[in-house]
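# Inside the fold
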Amino acid sequence: MDKSPEEQKVKKKIGQLQNRQKILLNKKRSEEHRARTHRLIGRGAILEGIFPAVVNMEGEEVKAFLIALSRLPGARELAERTPKNEGEK
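Bear in mind that the values here come from a model prediction, so they are computed numbers and not experimental data. (Residues numbered from 1 in each chain as written. Predicted model: local features only at pLDDT ≥ 70, side-chain atom pairs only at ≥ 80, totals over all residues. Heavy atoms only, no water.)

## Considerations on the overall build of the protein
For the protein, the count of helices and strands is three helices and zero strands. In sequence order, the protein lays out its α and β elements as α-α-α. Relative to the 2.2 N^0.38 estimate, which gives 12 Å for 89 residues, the radius of gyration of the protein is 25 Å and therefore markedly larger than a compact globule would have. For the protein, the spread of C-alpha atoms along the three principal axes comes to 75 × 35 × 20 Å. Accessible area of the protein: about 8,600 Å², with a carbon and sulfur share of 56%. One way to put it: in the protein the 20 positive side-chain charges average out to a point 6 Å from where the 13 negative ones average out. (Helix = DSSP H or I, 4+ residues; strand = E, 2+ residues; numbered from the N terminus. Rg over C-alpha atoms; globule rule 2.2 N^0.38 Å. Areas by Shrake-Rupley, 256 points an atom, 1.4 Å probe, with all protein chains shown as cover. Lys, Arg positive; Asp, Glu negative; His and termini not counted. Charge placed at Lys NZ, Arg CZ, Asp CG, Glu CD.)

## Things to note about the layout of surface pockets
Taken as a whole, the largest pocket spans an internal volume of roughly 500 Å³. Along the walls of the largest pocket sit 13 residues, with Phe51, Leu66, Leu69, Leu78 and Ala79 positioned nearest its centre. Looking at the lining of the largest pocket, the elements with two or more residues in it are helix H1 (5–50), helix H2 (59–70) and helix H3 (75–81). Here the element with the most residues in the lining of the largest pocket is H1; it accounts for four residues. (1 Å grid on protein atoms, 1.4 Å probe; cavity = no way out; pocket = protein on both sides within 12 Å on 5 of 7 lines; lining within 4 Å. Points joined across faces, edges and corners; volume = space filled by probe spheres on them.)

## So, the environment of Ser70
One can find Ser70 in helix H2. Using a relative accessible area of 47% as the deciding quantity, one classes Ser70 as partly exposed. A polar atom in the side chain of Ser70 sits 2.6 Å from the backbone oxygen of Ile67. (Buried < 20%, exposed > 50% of the residue type's maximum accessible area, 1.4 Å probe, protein only. Polar contact = N/O pair within 3.5 Å; in protein donor to acceptor, adjacent residues only side chain to side chain.)

## Some thoughts on the confidence of the model for the protein
In this model, the protein carries an average pLDDT of 90, and 92% of its residues clear a pLDDT of 70 or more. The secondary structure element of the protein with the lowest average pLDDT is H3, at 86, and the one with the highest is H1, at 95. (pLDDT = per-residue confidence, 0-100.)

Pasting the structure below:
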């Protein structure tokens, strides 16, 4: 059973829109991934700049080091007082 030209046209348009949606979702994911990577690189550079010893540590060692720092007296209060962004004072 052949479909009418109008029905074929509508199905083609639906397919095009679905493809466009996939393209946009992939682009969004890619941009989010790029932004996250940029953040992680920046934060890693800051961490290494302040604590040069972490350069030679493995991931789990860095994690343990940061957990130990977070448990020092006053660490929580200091983190809460530190502005998240310098422009938000």
